[in-house]
Amino acid sequence: MLPLDISSELGKAGGYLVFFLIGSGFGVALELAGFGDSRRLAAQFYFKDMTVLKTMFTGIIVACILIFLSSAVGFLDFTQLAVNQTFLWPGIIGGLIMGVGFIVGGYCPGTSVVATASLKLDGLLFLTGAVLGAGLFGESLPKFEGFWYSSFTERFLVSDWLGWSIGATVFAVILFALIMFYGAEKVEEYFRIRGTGKAMSWKITRRSYLFGAGTLVVLAGLVWIIGQPDPVRKWKYMESRYAVQLTTKAVFIHPLEYVKTNNEATIKLITLDLRPGKDFEAFHLSGSQNVTLDDLLKTSVVAPLAQLPPQGVVVLIAENDSVSIKAWKYLKVQGVVNLYILENGLQNWKSLFADKTVAGKTFNLASPPSEVLKLFPKDSFIQKIKIGSKKRAGGLCS
Amino acid sequence: MKKQPKPVTNPYLAGTILGVVLFAAFALTHSGLGASGAISRIQVSLTKLIWQSHVDKVGTFALMGAGDTNPLDHASVFLLLGTFAGGMISALFNRRLRFEILKGPRISKTQRLFFALIGGVIMGYGARFARGCTSGQALSGGAVLSLGSWAFMFCVFIGGYATAYFVRRLWAD
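Quick caveat, the model's predicted, so the values are computed rather than measured.

1. Considerations on the sheet that holds strand E6 (residues 312-317) of chain A
Residue and element names in this part refer to chain A.
Then step 1. Read across the open sheet, the five strands follow the order E3-E7-E6-E4-E5; overall the sheet is parallel. At either margin of the open sheet sits one strand with a lone partner, and together these are strand E3 (252-253) and strand E5 (289-290).
Then step 2. Here strand E4 (residues 268-273) pairs with E5 via two bridges, running parallel. Bridge pairing links Leu272 to Gln289 in E5.
Then step 3. Helix H15 (residues 321-333) rests against E6 and strand E7 (339-342) of the sheet, and its axis sits at about 170° to E7.

As structure tokens, then:
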């Protein structure tokens, strides 16, 4: 299942080679579109040549359909993709500044690289300017750091904002793009004929355009009809990857490992207790939250778990294995990384610590201190929790 | 006589290629495309050559190049090198690889270079402000339906259209 973890499969150098090849494809696509020419890019803002809009939105919708169609049929796990974090207001202000830079300088960062590569001196000057500008930003940031970190949402999609399903949103985006393309053609025709009288000829018939548009609509319709997989369907797609962790008991931790982890300052531990409310009220571990299986299908509950920092660990407690395993599957396919089950829940918890004392005193059973571990032989449990030091792949903008 | 450059590719075809490359980027590397991150890294590495202590002091620079960290040892830099190589190869095959200054007919070459530099500074500043450029934010974020990226994208167009009238001499026929 995609995405591949390329650097772990090919090593660092191999990973860099893949990035280089993808970059080459990117460079070719930009150059083919004519984006190495500042005049073409600038003409977008005088309505004379709408190539920027057409190429950019075609790129976006083609990638969008490929991503969500592969996700719908189980080729790709969308939760593993890096989605740009949203810092709404800094993004808006930054975008407006960039618009000004775009029309004054005639390029954007990516296209100026292509212009420089095709030996355009103005592209090189623009790129030099962009390097300086990036430096100026770093210097000036302390003056408005608060603002720059404001209005933050980790992973906030257009579909979340609209309250629509992803499929419906994809379909709407495609329709929106096609309407925009039609408008762009008309606008271009009007302004170019009024300007130079030259019309562009691509030797492509009206029928091919309609065929292209039709294909996009049909594919977008498929994305909508098939829908993004719910956790049950997604588990079927991903079972071969994760089931082994359940069958080998690799994710079942001993109560003592729980105590150890809970007392480690560097780990952010989140404990979800799936037992019925009355059992939870009778006794629960300090800091644990009482949730139901249905809660684990809600974005508001799952999103914070999937977006934990690398040293975040989630532990599930339930009255029996069938509940905890179901919960584990739900959360795993929704992208929760360090996910474990407390073996046998809390059934043996009290008896395990029953006659134990620390420095002659009894302790709170809901949060045993780390000293308790010394009362047990060292080999009384097998350490299972592994925390990858590797940060999940972020965007390339940093 | 020099051969004429070949005409550019149909924008929808070029866009489709772009979309497939973008999908490949997501499928193989988890993340989309980008350029501004690598540009920042070049800036930090240049600053590092002459003023290491300053790189350690400024927060955003330190993230990329504090102490012994090599700011260029990052996937985005290799993506940028690839973009450069791909652009050059495509330009070569399409007879667009030639030394020139592209400008509107009404301004001088010096003026064009000056404005390219100024525009670059504004763009470089804005791209850091927005945490990504047209490729990293608009294209990649747009394809995965990130709301912030869509808002950002429209703002780039608004900023461009709002300024276009005032700088029309730069590009007018």
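2. A closer look at the interface of chain A and chain B
Then step 1. Taken together, the contacts link 112 residues of chain A with 114 residues of chain B.
Then step 2. The dominant element in the side of chain A that touches chain B, judged by the number of residues it contributes, is helix H1 (residues 6-32) of chain A, at 18 residues.
Then step 3. Residue classes in the side of chain A that touches chain B are distributed as 68 nonpolar, 37 polar and seven charged.

3. Digging into helix H6 (residues 109-129) of chain B
Residue and element names in this part refer to chain B.
Then step 1. In a regular helix each residue adds 1.5 Å, so 21 residues correspond to 30 Å; H6 covers 30 Å between its end C-alpha atoms and thus fits that length.
Then step 2. Most of H6 sits inside the fold, with 15 of its 21 residues counted as buried.
Then step 3. A positive backbone phi angle near 60° is found at Arg131, which sits one or two residues after H6.

4. Points about the domain arrangement of chain A
Residues and elements named next belong to chain A.
Then step 1. By the assigned domains, chain A splits into domain 1 (6-226) and domain 2 (231-380).
Then step 2. Distance from the C-alpha centre of domain 1 to the C-alpha centre of domain 2: 42 Å.
Then step 3. Between domain 1 and domain 2, the contact holds six residues from the first and seven residues from the second.
Then step 4. Per-class residue counts for the side of domain 1 that touches domain 2 are no nonpolar, three polar and three charged.

5. Regarding the domain arrangement of chain B
All names here are of chain B.
Then step 1. As far as domains go, chain B holds domain 1 (9-98) and domain 2 (99-173).
Then step 2. The centre of domain 1, based on its C-alpha atoms, is set 17 Å off from the matching centre of domain 2.
Then step 3. With ten residues of domain 1 at the interface, the matching set in domain 2 holds twelve residues.
Then step 4. Tallying contributions element by element places helix H2 (residues 36-50) first for the side of domain 1 that touches domain 2, with four residues.
Then step 5. Its residues assigned to classes, the side of domain 1 that touches domain 2 shows four nonpolar, five polar and one charged.

6. As for the packing of helix H5 (residues 109-117) of chain A against helix H6 (residues 121-140) of chain A
Residue and element names in this part refer to chain A.
Then step 1. Direction vectors running N to C along H5 and H6 enclose 140°, while the axes themselves pass 8 Å from each other. Classified by the interaxial angle, the pair formed by H5 and H6 is oblique. The handedness of the crossing between H5 and H6 comes out as left-handed. For the pair H5 and H6, contact is made by Pro109, Ser112, Val113, Ala115 and Thr116 and by Gly123, Leu124, Phe126, Leu127 and Ala130, respectively.

7. Let's talk about the nonpolar core
Then step 1. Core analysis: the biggest nonpolar cluster contains 121 residues, and Ala29, Cys64, Ile67 and Val170 of chain A together with Leu22 of chain B have the highest contact counts within it.
Then step 2. Broken down by element, this core gets its largest block of residues, 14 residues, from helix H3 (residues 51-72) of chain A.
Then step 3. When neighbours within four sequence positions are excluded, Cys64 of chain A is seen to be in contact with Val170 and Val173 of chain A together with Ala143 and Leu145 of chain B.
Then step 4. In this structure, Val313, Val315, Val333 and Leu346 of chain A belong to the second largest nonpolar core, which totals 28 residues.

What counts, and where the lines are drawn
Residues numbered from 1 in each chain as written. Chains lettered and ligands numbered in written order. Predicted model: local features only at pLDDT ≥ 70, side-chain atom pairs only at ≥ 80, totals over all residues. Pairing = 2+ DSSP bridges. Helix = DSSP H or I, 4+ residues; strand = E, 2+ residues; numbered from the N terminus. Contact = placed C-beta atoms within 7 Å. Axes fitted to C-alpha atoms, helices over the stretch in contact; angles between N-to-C directions. Nonpolar A, V, L, I, M, F, W, Y, C, P; charged D, E, K, R; others polar. Expected span 1.5 Å × (residues − 1). Buried ≥ 20, exposed ≤ 12 C-beta atoms within 10 Å, placed from the backbone. Domains from an automatic or database assignment. Parallel < 35°, antiparallel > 145°, perpendicular 65-115°, else oblique. Left-handed = near helix turned anticlockwise from the far one by under 90°. Core = buried A, V, L, I, M, F, W, Y, C linked by C-beta atoms within 7 Å.

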